[in-house]
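What follows is each chain in one-letter form.
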Amino acid sequence: MSVLVKNGQNVRNIVRALVEEKGREKSELIPILQDINGQFGYISDEAIKELSERMNIPGSHIYSVATFYRMLSTEPRGEHVIQFCESAPCHVAGGRLVWEKLKQELGLEKGETSDDEKWTLLTTSCLGVCGVGPVMIVDNNIYGNVTPEQVPGILSQYN
Amino acid sequence: MKAIRSMILVSSDPESMDHGALEVFSTLQKQILAHGLEEEISLSMISDVSKKSQNPLVLVYPDAVIYGSVTPEDIPHIVEEHLYKGRVVEEKQISPYDLSGRIAWLTARKGTLPAENRIVLKNVGLIDPEIIDDYIINEGYEALGKVLKEMTPKETYTVIKESGLQGRGGAGFPTGLKWQFVAGEKRDKKYVICNADESEPGTFKDRLVLEGDPHAIIEAMTIAAYAVGADEGFVYIRGEYGLAITRMQKAIEQAQEYGLLGDNIFGTGFAFNIHIHAGAGAYICGEETALIESIEGNRGEPRARPPYPTTAGLWQKPTVVNNVETLANIPAIIRNGPEWYKSIGTPSSPGTKVYTILGNVNVTGLIEVPMGITLREVISIYAKGMKDGGTFKVAQTGGSSGSIIPASLQDTPMDFDSYNKAGVSLGSGALLIGNQDVCVVDLAKVLLNFFRFESCGKCNPCRIGNKRAFDVLSRIAEGVGNLQDLVDLQMLSNQLFELSNCGLGQTAGSPLKDILAHFQAEVEAHIKLKVCPAGVCPMSGNWEHQID
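Sequence order sets the numbering: in each chain, residues are counted from 1 along the sequence as written. Chain letters and ligand numbers both follow the written order, the letters beginning at A and the numbers at 1. The predicted nature of this model means local features are confined to residues of pLDDT at least 70 and side-chain atom pairs, given and counted, to a pLDDT of 80 or more, with totals for whole chains, interfaces and linings taken over all residues.

When you go through chain A residue by residue, the secondary structure sums to 6 helices and 6 strands. Its helices and strands in sequence order give chain A the pattern β-β-α-α-α-α-β-α-β-β-β-α, from N to C terminus. Structurally, chain A occupies a C-alpha span of about 50 × 30 × 25 Å along its principal axes. Counting other C-beta atoms within 10 Å of a residue's own tells you its class, since 20 or more makes it buried, 12 or fewer makes it exposed, and anything in between is partly exposed; those C-beta atoms are placed from the backbone. Counting every position in chain A, which comprises 159 residues, the buried fraction comes to 37%. Relative to all contacts within chain A whose residues are 6 or more apart in sequence, the contacts with residues 24 or more apart total 63%. Only runs of H or I of at least four residues qualify as helices and only runs of E of at least two qualify as strands under DSSP, and these elements are numbered from the N terminus. What counts as a contact is two residues whose backbone-derived C-beta atoms lie within 7 Å of each other.

Now the structure itself:
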């Protein structure tokens, strides 16, 4: 199994430091998982094992939590993650055509990551910015009032 | 304390940023300093308002004047004329109509919308949410002081009970009664939770309160804690609301510094502390017992009830869980009394309701109006009518707790009671207005897709029922449905309602029931004639590709 390395430290050291900082209470599990996900882009088996030992929580419980929440991932994701809102307000405002264009531009279906690991295409439920639907998020940037014609221009900003 | 004469906002939506909003902002800053106006004028960026092709915008309050597309070169003239001499620069002024975002509030300032009545959103957009003094100068923490120094806990929850305030999360449970239940529990530890996991599709009212007036939530939670005897609180904010989390954290620190939160509030010895818990992306965590599970570090799966959180909530202790909008009403009720609150709205549903207006209308945005106004009024007055001369066909009132409402119900007063009697639900306050081009089968499909995805999977009726209903709707949308499907949809709707463990599954069947009750002919056209009257559904005769 590969050991993820970030800034010269492996994942086990980073997890250890996080538990040290936040404590071993079970209520800290989700904040710690959010932190790991933020640093590595996903939560690896390695991270779950280390967390399980440090927090004294069964690995199965950690895995079940990590797979429950949408903002946590147990699979590696692309360099840029696109989330497209598929809730009703964006749908009624013309989201369906934007979504088709997005899939066509990237050559990806929902949930897929491109072969060069550059893009991951996801859908999401309402993001609470419905006043400017259709809405999509690339990494942490929100784009509102998106039209199919704007899609190539938005994507090109990440080249 | 600063006395702000005027507040200036610069739009910072992506399009404005592309067109130099940052340069406009920094030029404004320099010009305000150059004129020595920095003590009187506050300057912020705002993300919730934009106008296609006229960004960036500069909004001047309290005059409610909007300038657009502003360039850095325009700024010296605007500052000199408008801010220094008080003359509006008419050649750069634009109409507030068809703005998206906070438009409804802007026109209200002009006196064109007399019905709008702001309690929950009183300070939102008017004060600097990152400066506690701005909140205090606007009657902030007055209610908390009154409660701690002049009232007993019992008097406090009694005032809320008498006001008739009902939970604004969607269910409409009487807030004062909930507080009384928790106050009556003789336990050593109790909690107050603010449910800020706003995830109902089309709803962003709570986000604006959290971002625009975080101290109102802190004040209200502290009042609740005093009324029920709690010493610890949590604000559960959905993880996607980054700015709300930052602002709330800052507000908590400021309140602690001022002795308005902590171990000796107002010097009375009353202690209360608030923690923030950021959600990790799960609609179901808006359900109060799922939210509690999530704070404890578990999957957000709702508990079986009873016991209710009021007796066994967070870590099995008595817990008050209130929605953001509910809490934002509390300080005003304490300040002005229950009689004042009851004078607003309808007798069975006092107060105001915040609605988000979305869909095929001219003006989308947020309004706060007394309970009991009608959909027709919302569309014609606040939304400025249907877009492109369209016809109002259907409204969807938001998320799991809402309904699909036909045009025939547009004169029914919007309050909990009247809507219940009409067999529909107000939901979270999202009003998605659809025109003749919206297909109800397609709309129900989108909603069921949402529920299918967001079901936590704990109980079978919800996990399987939503998936089955989505499949049946997909088949109808592909033109390969049969009349038995209608019977199945009705059955699934009933079973979801009767057998699901929590509110998600119980209301997931509403769209099915609603389209069969109000739009049966349109649904049948998909089956009998193989035609989608609105021209939306694919009708390609191939539904297998929909299954994943």
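What follows is about the sheet that holds strand E5 (residues 191-196) of chain B. Residue and element names in this part refer to chain B. One open sheet accounts for 5 strands, arranged E7-E8-E6-E5-E9; its pairing is mixed. Of all strands in the sheet, those bounded by a partner on one side alone are strand E7 (262-265) and strand E9 (319-323). Here the strands of the sheet are splayed against their neighbours by 25° on average, with no regard to which way each runs. Two strands pair under a simple rule: DSSP has to find at least two bridges between them. Bridge count between E5 and E9: 5 bridges; the pairing is parallel. Along E9, the bridge assignment pairs Ile193 with Val321. Axis geometry follows a simple rule: fit a line to the C-alpha atoms, using only the stretch in contact for helices, then measure angles between N-to-C directions, giving values from 0 to 180 degrees. Each of E5, strand E6 (232-237), E7, strand E8 (270-278) and E9 touches helix H10 (residues 214-228); the most contacted strand, E5, lies at about 145° to it. With respect to the sheet, helix H11 (residues 242-257) is in contact with E6, E7 and E8, its orientation differing from that of E8 by roughly 160°.

This part covers the interface of chain B and chain A. Interface size is commonly expressed as the accessible surface area that is lost when the partners come together. Each side of the interface is counted separately: chain B has 45 residues, and chain A has 31 residues. The set of elements that each furnish at least two residues to the side of chain B that touches chain A consists of helix H12 (288-295), strand E10 (352-359), strand E14 (430-434) and helix H17 (440-454) of chain B. For the side of chain B that touches chain A, the element with the highest residue contribution is H17 of chain B, accounting for 6 residues. Residue classes in the side of chain B that touches chain A are distributed as 17 nonpolar, 19 polar and 9 charged. Residue type decides the class: Asp, Glu, Lys and Arg count as charged, Ala, Val, Leu, Ile, Met, Phe, Trp, Tyr, Cys and Pro as nonpolar, and the leftover types, Gly among them, as polar.

Residue and element names in this part refer to chain B. Boundary definitions for the domains trace back to an automatic or database domain assignment. With domains assigned, chain B is organised as domain 1 (6-94), domain 2 (132-342), domain 3 (352-434) and domain 4 (440-546). Here domain 2 and domain 3 have C-alpha centroids that lie 27 Å from each other. At the junction of the two partners, domain 2 supplies 13 residues and domain 3 supplies 13 residues. Looking at side-chain class alone, the side of domain 2 that touches domain 3 contains 4 nonpolar, 6 polar and 3 charged residues.

A separate point is the pairing of E9 of chain B. In regular strands, side chains alternate between the two faces of the sheet. The buried fraction of E9 of chain B amounts to 5 of the 5 residues, a majority that puts the element mostly inside the structure. Residues Thr319, Val321 and Asn323 of chain B of E9 of chain B are buried on one face, and the alternating residues Val320 and Asn322 of chain B, pointing to the opposite face, are buried as well.

Turning next to helix H19 (residues 483-499) of chain B. Residue and element names in this part refer to chain B. Taking 1.5 Å per residue, 17 residues should reach 24 Å; H19 reaches 25 Å between its end C-alpha atoms and fits that length. Along H19, the residues that are buried comprise Leu489, Leu492, Ser493 and Leu496. End-on, the buried residues of H19 take up no more than an arc of 100°, which puts them together on one face. Seen from the buried face of H19, the exposed residues on the opposite side, beyond 90 degrees, are Leu483, Gln484, Val487 and Glu498. On its buried side, H19 packs onto helix H18 (460-477), helix H20 (503-508) and helix H21 (510-518). Expected helix span is given by 1.5 Å per residue-to-residue step, counting one fewer step than there are residues. Here the arc refers to the set of directions running from the helix axis out to each C-beta atom.

The domain boundaries assigned to chain A delineate domain 1 (5-66) and domain 2 (80-156). Relative placement of domain 1 of chain A and domain 2 of chain A: their C-alpha centres are 30 Å apart.

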